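# An overview of the molecular structure
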Protein chains: 2
Amino acid sequence: MPDRYVLVLAGGRGERFWPWSRPARPKQLLPLARGGRTLLAAAFERALQMVQSPDHVLVMTALDLKQEVRRECPGARVLGEPLPRNTAPAIAAACAWIPGDSALAVMPADHLIDDLPAFRRDCTRAFEAAERSPMLVTHGIPPSGPDTNFGYVRRGAKVGDRIFRVERFTEKPDAARAREYVESGEYLWNCGIFVWRKSVFLEALEAGRPALAAALRNFEFSGTEAGFEDRLRVVFPALESISVDYAVLEKAPNVLVLEASFDWDDLGSWGAWARRQPRDARGNVAFGDAVVVDCDDCVVVGEGGTAAAMGLRGMVVVHVNGATLTCPVADSESVRKVSEAVRSRGKL
Amino acid sequence: MPDRYVLVLAGGRGERFWPWSRPARPKQLLPLARGGRTLLAAAFERALQMVQSPDHVLVMTALDLKQEVRRECPGARVLGEPLPRNTAPAIAAACAWIPGDSALAVMPADHLIDDLPAFRRDCTRAFEAAERSPMLVTHGIPPSGPDTNFGYVRRGAKVGDRIFRVERFTEKPDAARAREYVESGEYLWNCGIFVWRKSVFLEALEAGRPALAAALRNFEFSGTEAGFEDRLRVVFPALESISVDYAVLEKAPNVLVLEASFDWDDLGSWGAWARRQPRDARGNVAFGDAVVVDCDDCVVVGEGGTAAAMGLRGMVVVHVNGATLTCPVADSESVRKVSEAVRSRGKL
C-alpha cells in the first residue's frame, strides 16, 4: 500500500472575523479552536492522524504567511503560493509532491472539528474507498438546519455503510430550497474534505478543466520547496482561478460521498463562533476584556482593550487589534461588507 | 466699582464621555466645543469677557489636572484641590482670593455655550444686579423640554427685565413633574452659573452651612498658589462635601434668577453631543475613523482606530483610547454604569 498524504489548504484570507482577522492573520491563524489553539494547528493535528510522518502533510498557503504557518505545523511541508488561485490550481500543483499514485486527502485549514476519533475513522474509510476504486470521495455533513451558506450534495445509490454515489452538487441554495433539501433527508453539506488518488484526480481535472490540467501536467521542479515556489511564480499567474468543486467535482461522474460522523463547523461568523462559547445567565458571551451591562444574547470581545456593551440585545461587539466591529449577531455573516469598506479606505 | 472676578469650576471627573473621558482627561478637557477646542478653553474665553485681566479668572481643579488646565487657560490663576469636596467648599475657599467685597461669577467648565455676545450681556446684567443689591444671582435656562436630568428653578416676582425672585429650587424631577414644570412656563433650568458679592455669598453660607463657613472663615495663606494649596491640604479633608445649590441656594431667601438669552447645553451624554454634529442622509453621525454600513440614527466615533457599525439603529459606537463603548443612544446618559463597571476592574 503506498503512503497516504494530506494537503491542508491554508491560503485563505478569511475576513469574517474582522477586526480580529486581518490579511496578515487570517481566520486559520486565529486561536478559535479548542484550548485556544489556532484552527490551522487543529487541522494539522487532524492531518497527522492520517499519515505516517509529518512531512506527508503538505500545507499550501500564501508566501507571506509561511512563517506563521510553519510555526503551527511543525514538520509539515509548507508551500507558498505567489498569489491566490483558489483550490483547483493549488491541489493540482501540490500533486507534484505526491509520489506514484498515492492517495491524498484535501482539507481546509479553517474549519472546526472536535471529535478526532470520529474524524480519523471516517477519513480512514474515505482513504480505503479511494485506494480501492477510481473514485473521488468527499465528506458530507448531515445538515443541522436549512443553512444557505453552504453547498449541498445530493446522495444517490448507497454503496456501503454511510457511503453513497453523489447524484448532484448544488450551489448555495435560497432559503426555500435549503428547507426542501433538509426535509428530503437526501442532502448533505459539502464540507470540502476530499480523498482521492492522484491519478484519479488528475484525470477528472483533465476532463473538467483541460487547460488547467495541461498547464500543470509537467510541473517540473528541483524537489525543494524553494524550487517548487519558483515554478509557481512562473506558472500560477496565468492559471484560471477556480474552485475544485466547480472545476472537478460538479462535473465528474465518479464521486462518492461519505456521510460524516464527526462534528463540523465552518465558523463562518462571529455568531457561529459564539454558539460554541460559554454564556452567562442572560445568554451573553463575554470574551477577554469585556464589560457587559444589562445586555441579552450579545457577543462581546475585548482583546488589547476594553469592549463595553450596555443595554444591547443580540449584538456583536468586538474590540480587537485597535478596531471595533458592532452589528447584530444575525448580520455577522456579512462582516465582509465592513471589511471591504475598511479596505477601500486603505486601513485594513 | 471694585473689580469683577470669575471662578471656573474645573474639578469634575465627568465620566459621561467614557471611553473618551478618563480620570486624567475628564469632560472639560475634551475637544467638544466649537472649532475642536476643549470645553474648558471655551469657558475660559467666556470668563475673559467678564474681567479686566486674565488673572481675575480663578480656575479650581484637581491638583493632577493643573498642568493641562493651565495650558487651556493662559494667564488664569489655576488652583489645585487636594481632593474633591464638591462646589460649596471650592467656592468658599476661592473667596480668599477675592479682594474687598468684589463680585464673583461662578461657572462650570464643562458646559457648552456658543452665543458669546448674549452670554456677555446676560452675565453683565447679573454682575450689575449683584453689585447693587445683597442678592445671589443665578442664571436660568428656558427649558426646551421636560428634561429630568436638570434641577429646576421656579421664578417668583419679576424685579426687572428677565430678572425674577426665585421662589424655589427643585431637585431633578420625575418625568411627570418635569412636564408640569415646563407646561407651567414658570420654571427654568438651573445651569449652575452664579454671580454674587463675596460678602453676600459668605453670609448665605454662614446661614446655610455654619460649620463649613466657620472652617473657611479665616483662611490664611501666603498669597501664592502653592501657599493656598498647602492650606487646602490641611483644611479640605475635614470639610463636608456638598454642592453650593444644596448648601446655599436652596435655603437662601435672597436669590434672583436671570432668564438667560444665551444657548446652553450641559453635553450630558454622547447623544447630547451628537445632536450638535452634522448627520448623513440616514441620520448617522460619523466622527473620525468611522465606518457606517446600513445604519440609521447612529453615532459612530473612531479615534486612534476604526469604529465600524453595520445594521444598527439608534446606537452609539465609540472607539477611543483603546476601548469601546456601545449602547443605545437613548441610554447614553447612563454611561456611568459602564465606567463604574470598568473602574471596578481597575482598568479605567
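What you see is a predicted model; the values in this text were computed from it and never measured.

## Side note on the overall build of chain A
Secondary structure assignment for chain A yields eleven helices and 13 strands. The C-alpha atoms of chain A give a radius of gyration of 21 Å, which matches the 20 Å a tight globule of 348 residues would have. Seen along its three principal axes, the alpha-carbon backbone of chain A occupies a region of about 60 × 45 × 35 Å. Taking all 348 residues of chain A together, the buried fraction comes to 51%. When contacts within chain A are restricted to residue pairs at least 6 apart in sequence, long-range pairs at least 24 apart make up 62% of them.

## So, the nonpolar core
In terms of nonpolar packing, the biggest core is built from 254 residues, with A:Val8 and B:Val8 touching the most fellow members. Contacts of A:Val8, omitting those with residues within four sequence positions, involve A:Ala43, A:Phe44, A:Ala47, A:Val57, A:Val59, A:Met107 and A:Ala109.

## Here's the deal with the interface of chain A and chain B
Taken together, the contact between chain A and chain B spans 27 residues of the former and 27 residues of the latter. Each residue belonging to the side of chain A that touches chain B can be placed in one class, and the counts come to 16 nonpolar, eight polar and three charged.

## Here we look at the domain arrangement of chain A
By convention, interface size is frequently given as the accessible area that disappears when the constituent parts associate. Residue and element names in this part refer to chain A. The domains assigned to chain A are domain 1 (4-259) and domain 2 (270-344). Centre-to-centre separation of domain 1 and domain 2, based on C-alpha positions: 30 Å. Taken together, the nine residues of domain 1 in the interface contact 13 residues of domain 2. Within the side of domain 1 that touches domain 2, the residues separate by chemical class into five nonpolar, one polar and three charged.

## Regarding the relation of the copies chain A and chain B
The operation relating chain A to chain B is a screw motion whose rotation component is 179°, with 0.0 Å of axial translation and a residual RMSD of 0.1 Å. Viewed as a symmetry operation, the transformation between the two copies matches a two-fold axis. Closest approach to the rotation axis within chain A is made by the C-alpha atom of A:Gly322, at a distance of 3.1 Å. A high fraction, 100%, of the interface residues of chain A reappear at the interface in chain B, so the copies pair face to face through one surface.

## So, the packing of helix H6 (residues 198-208) of chain A against helix H7 (residues 210-217) of chain A
All names here are of chain A. With their axes 5 Å apart at the nearest point, H6 and H7 run at an angle of 130° to one another. The angle between H6 and H7 falls in the class oblique. Residues Leu202, Leu205 and Glu206 of H6 touch H7, and the partners they reach there are Pro210, Leu212 and Ala213. Looking at side-chain class alone, the contact of H6 with H7 contains five nonpolar, no polar and one charged residues.

## What about the pairing of strand E6 (residues 152-160) of chain B?
All names here are of chain B. Across three bridges, E6 lies against strand E8 (residues 187-197) in antiparallel orientation. Note on E8: the bridge partner recorded for valine 153 is leucine 188. Of the pairings in the sheet, the one linking E6 to strand E7 (residues 163-170) comprises six bridges and is antiparallel in character. From the neighbouring strand, arginine 155 faces E7, where its bridge partner is valine 166. Counting the residues that bridge the hairpin from E6 to E7 gives two residues, and of these arginine 162 lies at a positive phi of roughly 60°.

## Some points on the pairing of strand E12 (residues 315-320) of chain B
Residue and element names in this part refer to chain B. Across the six residues that make up E12, a large majority, six, are buried. Residues Met315, Val317 and His319 of E12 are buried on one face, and the alternating residues Val316, Val318 and Val320, pointing to the opposite face, are buried as well. Relative to E12, strand E11 (residues 299-310) runs parallel, the two sharing four bridges. Along E12, the bridge assignment pairs valine 299 with valine 316.

## Considerations on the environment of A:Asn149
Residue and element names in this part refer to chain A. Among the structural elements, asparagine 149 can be located in the loop between strand E5 (136-141) and strand E6 (152-160). In the structure, asparagine 149 is positioned 29 residues away from alanine 178 in sequence and 9.7 Å away in space, judged by C-alpha atoms. Those residues in contact with asparagine 149, other than ones at most four positions away along the chain, are Lys172, Gly268 and Glu333.

## Thoughts on the confidence of the model for chain A
Per-residue confidence for chain A gives a mean pLDDT of 94; residues scoring 70 or more make up 99%. Overall fold confidence for the complex sits at a pTM of 0.81, while the interface term, ipTM, reaches 0.80.

## Quick word on unusual backbone geometry
Residue and element names in this part refer to chain A. Residue proline 19 is reached from tryptophan 18 by a cis peptide bond, and omega for that bond is 5°. Structurally, proline 19 is set in the loop between strand E1 (4-10) and helix H1 (39-48). A positive phi angle, close to 65°, is found at asparagine 86, a residue other than glycine. With respect to the helices, strands and loops of the structure, asparagine 86 is situated in the loop between strand E3 (77-81) and helix H3 (87-94). The phi torsion at arginine 162 lies on the positive side, around 60°, for a residue other than glycine.

## Some details on the environment of B:Arg77
Residues and elements named next belong to chain B. Within the secondary structure, arginine 77 is located in strand E3 (residues 77-81). The spatial distance from the C-alpha of arginine 77 to the C-alpha of aspartate 265 is 26 Å, given a sequence separation of 188 residues. Residues in contact with arginine 77, not counting those within four places in the same chain, are Asp55, Val57, Leu58, Trp97 and Glu225.

## Looking at the environment of A:Phe228
For A:Phe228, the location among the structural elements is in helix H8 (residues 225-235). Contacts of A:Phe228, omitting those with residues within four sequence positions, involve A:Leu79, A:Ala96 and A:Phe221.

Cut-offs applied
The residue count restarts for each chain, going from 1 along the sequence in the order it is written. The lettering of chains begins at A and the numbering of ligands begins at 1, in the order of writing. This being a predicted model, a pLDDT of at least 70 is required before a residue's local features are given, and a value of 80 or more before pairs of side-chain atoms are given or counted; all residues contribute to the totals for chains, interfaces and linings. Numbering of helices and strands runs from the N terminus, with a helix taken as a DSSP run of H or I at least four residues long and a strand as a DSSP run of E at least two residues long. Our radius of gyration looks at C-alpha atoms and nothing else; its globule reference is 2.2 Å times the residue count to the power 0.38. Three classes are used. A residue is buried when 20 or more other C-beta atoms lie within 10 Å of its own, exposed when 12 or fewer do, and partly exposed in between, with C-beta atoms placed from the backbone. Residue pairs are scored as contacts if the distance between their C-beta atoms, which are placed from the backbone, is within 7 Å. What makes a nonpolar core is a set of buried Ala, Val, Leu, Ile, Met, Phe, Trp, Tyr and Cys residues, with links drawn between C-beta atoms within 7 Å. Nonpolar residues are Ala, Val, Leu, Ile, Met, Phe, Trp, Tyr, Cys and Pro. Charged residues are Asp, Glu, Lys and Arg, and all others, Gly as well, are polar. Bear in mind that the domain bounds are from an automatic or database domain assignment. Residues reaching a pLDDT of at least 70 in both copies supply the C-alpha atoms on which the copies are superposed by least squares. Axis lines are fitted to C-alpha atoms, over the contacting stretch for helices. Their N-to-C directions set the angle, which ranges from 0 to 180 degrees. In this scheme, roughly parallel covers angles under 35 degrees and roughly antiparallel covers those over 145, while 65 to 115 is roughly perpendicular and the rest are oblique. Think of it this way: DSSP has to see at least two bridges between two strands before they count as a pair. Confidence of the prediction at every residue is given by pLDDT, a number between 0 and 100.

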